[in-house]
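Chain by chain, the residues:
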Amino acid sequence: MLEEVERWLTRRSWSSADRPLNRLTDARAADPHRTSVSVVLPALNEEATVGAIVATIRRELMEKVRLVDELVVIDSGSTDATAAVARAAGARVVHRDAILPRIPALPGKGEVLWRSLLVTSGEIVCFVDADLKDFSADFVSGTVGPLLTDPAVQFVKAMYDRPLGHTAGQGGRVTELVARPLLNLHWPQLAGFVQPLGGEYAVRRSLLERLPFPVGYGVELGLLVDALHTVGLDALGQVDVGVRRHRHQDGQALGRMAAAIYRTAQLRLSRGHLVRPALTQFERGEEGFVPRTHAVDTEERPPMREIEEYAERWAA
């Protein structure tokens, strides 16, 4: 590990317990206009978990204390009761397709995160995945905390244990097999991030609006790499929030995630084009193995500040 990264780990890695809620609310009260917080949950068919997450954030961080200003669920086209459950629990629910309708929406998590900037107003934006189980408000207060108390920090990732079933430390398979090797080899300054692909992180809007967004699974890697190049390592941090439990993907879904992440890295290394942006996987059928070919995400959305509607909204 680079000496620079070792020093960074001692300066920019914290625990959520390092900043109790009263310290954070005091920081907010001292400068309420520069510390407004929006929490965004991208959601696709997450009726089983989204309600508990919304209810916890609303109860612990909006009612008991005033840390979060707005809580928005962006529905990515759910066919279950995700929207109704989230709304009943106290979130504002916005359908992905209702945001920036002049640009047809593409499928993918990154697309939803990018569009969320147009329907939120916080100077700090905190993203939280909607499939978390046993959710703790520390995922929000922990990642937001350094941004409220240190003006030099601009991007904070959550770090945590990721058990796979009943086995500790075995989650994050795409992280360990794809993302971590890529980062260590090509962006060694980012080798200190425990969960580089984690979906829970908080970022200053002033940085987010300058970054391109891969529309699919590569969004977390893309944002992290681009943030490094935009603001430097010392503006990035991570906070230990405990344990993350969520719905795990099957092996083929992980393969598609890995391909998208590799493509995101490749684009940033060369700013060129893949020869063949597709991934073929195999499923056993009645007559043997059947090939299934999936397109690898190749679209990215431009920095939000280049979008006319966004510029007009913030100029008003």
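Above: the structure in question.
Because the structure is predicted, anything quoted here is derived from the model rather than measured. Residue numbering note: each chain is counted from 1, following its sequence as written. The predicted origin of the model limits local features to residues at a pLDDT of at least 70 and limits the giving and counting of side-chain atom pairs to 80 or more, whereas totals for whole chains, interfaces and linings rest on all residues. Working from all heavy atoms in the structure, the side-chain values ignore hydrogens and water.

Let's talk about helix H4 (residues 82-89)
And then number 1: The cut-offs for exposure are 20% and 50% of the maximum accessible area for each residue type, with area from a 1.4 Å probe on protein chains only; residues under the lower value are buried, those over the upper are exposed, and the others partly exposed. Comment: elements are numbered from the N terminus, with helices defined as DSSP H or I runs of at least four residues and strands as E runs of at least two. Restricting attention to buried positions, one finds in H4 the residues Thr82, Ala83 and Ala86. Viewed along the axis of H4, the buried residues span an arc of 95°, placing them on a single side of the element.
And then number 2: Should any heavy atoms of two residues lie within 4.5 Å, those residues are considered in contact. Contacts from the buried residues of H4 go to strand E2 (37-43), helix H3 (50-63), strand E3 (70-75) and strand E4 (92-95).
And then number 3: Once H4 finishes, Gly90 follows within two positions and takes phi at roughly 115°, a positive value. Arc definition: it is the arc formed by the directions from the helix axis to the C-beta atoms.

Some words on the packing of aromatic side chains
And then number 1: Classification of ring pairs uses Phe, Tyr and Trp, with its six-membered ring standing for Trp, and accepts pairs whose centres are within 6.5 Å; under 30 degrees between planes counts as stacked, over 60 as edge-to-face, and the remaining range as tilted. For the structure on display, the rule yields six aromatic pairs.
And then number 2: Taking the centre distance of 5.3 Å and the plane angle of 65° together, the rings of Phe127 and Tyr201 count as edge-to-face. Here Phe127, found in strand E5 (residues 124-127), pairs with Tyr201, found in strand E8 (residues 201-204); they are 74 residues apart in sequence, far enough to count as distant.
And then number 3: You can call Phe127 buried: its relative accessible area is 1%.
And then number 4: Their ring planes at 5° and their centres at 5.7 Å tell us that Phe155 and Tyr201 sit as a pair that is stacked. In this pair, Phe155 sits in strand E7 (residues 155-161) while Tyr201 sits in strand E8, placing the two residues 46 residues apart along the sequence.
And then number 5: For Phe155, a relative accessible area of 0% puts it in the buried group.
And then number 6: Counting every residue linked through ring pairs, the aromatic cluster contains Phe127, Phe155 and Tyr201.
And then number 7: Two conditions define a charge sitting above a ring: the NZ of Lys or the CZ of Arg must be within 6 Å of the ring centre, and it must be within 35 degrees of the ring normal. Between the NZ or CZ atom of Arg19 and the centre of the ring of Trp14, over which it lies, the distance is 4.4 Å.
And then number 8: If you follow Lys157 out to its NZ or CZ, it ends over the ring of Tyr201, 4.4 Å from the centre.

Here's the deal with the side chain of Arg204
And then number 1: When you line up the elements, Arg204 lands in strand E8.
And then number 2: For the purpose of charge, His is not counted, nor are the chain termini; Lys and Arg are scored as positive and Asp and Glu as negative. Any Lys or Arg side-chain nitrogen located within 4 Å of an Asp or Glu carboxyl oxygen qualifies as a salt bridge. No salt bridge is formed by the buried Arg204, whose closest oppositely charged neighbour, Asp150, lies at an N-O distance of 6.3 Å.
And then number 3: Residues within four places of Arg204 in sequence aside, it is in contact with Glu123, Ile124, Leu147, Asp150, Pro151, Val153 and Gln154.

Side note on the pattern of salt bridges
And then number 1: Summed over all chains, the structure comprises 22 salt bridges.
And then number 2: Close ionic contact of Arg7 with Glu3 constitutes a salt bridge, the shortest N to O distance being 4.0 Å. Separated by four residues within a single helix, Arg7 and Glu3 lie in helix H1 (residues 3-12), roughly one turn from each other.
And then number 3: When the shortest N-O distance is used, the salt bridge between Arg11 and Asp234 registers 2.3 Å. Within this pair, whereas Arg11 is found in helix H1, its partner Asp234 is found in the loop between helix H9 (219-231) and strand E10 (236-243), the two being separated by 223 residues in sequence.
And then number 4: By relative accessible area, Asp234 is classed as partly exposed at 36%.

Looking at H9
And then number 1: In this model, H9 (13 residues) spans 18 Å end to end at C-alpha, consistent with the 18 Å of a helix rising 1.5 Å per residue.
And then number 2: Within H9, ten of the 13 residues are buried, which leaves it mostly tucked inside the rest of the structure.
And then number 3: Restricting attention to buried positions, one finds in H9 the residues Val219, Glu220, Leu221, Gly222, Leu223, Leu224, Val225, Asp226, Ala227 and Leu228.
And then number 4: With its phi angle positive at about 90°, Gly232 sits one or two positions after the end of H9. A helix's residues, less one, multiplied by 1.5 Å, set its expected span.

Quick look at the sheet that holds E10
And then number 1: Taken in spatial order, the eight strands make up an open sheet running E1-E10-E7-E8-E5-E2-E3-E4, and their pairing is mixed. Of all strands in the sheet, those bounded by a partner on one side alone are strand E1 (13-15) and E4. Averaged over neighbouring strand pairs, the angle between their axes works out to 25° when direction is ignored.
And then number 2: Where E2 lies against E3, six bridges are found, and the strand directions are parallel. Note that in E3 the partner of Ser38 across the bridge is Glu70.
And then number 3: Packed on one face of the sheet, H1 meets E1 and E10 and runs near 60° to E10.
And then number 4: In the packing of H9 onto the sheet, contacts are made with E7, E8 and E10, and the angle to E7 comes to roughly 135°. In short, DSSP must find at least two bridges between two strands for them to pair. Every axis in this analysis is a line fitted to C-alpha atoms, fitted for helices over the stretch in contact. Angles between the N-to-C directions lie between 0 and 180 degrees.

Thoughts on the side chain of Thr143
And then number 1: Following the sequence through the fold, Thr143 ends up in helix H6 (residues 138-149).
And then number 2: As used in this structure description, the phrase polar contact means that two N or O atoms lie within 3.5 Å; if the pair is within protein, one of them must be able to donate a hydrogen and the other to accept it, and residues adjacent in sequence are counted only when both atoms belong to side chains. Within the local environment of Thr143, its side chain forms a polar contact with the backbone oxygen of Phe139, the two atoms lying 2.9 Å apart.
And then number 3: In contact with Thr143, not counting residues within four places along its chain, are Cys126, Asp138, Val156, Lys157, Ala158, Glu200, Tyr201 and Ala202.

All we've got here are geometric facts, nothing functional implied.
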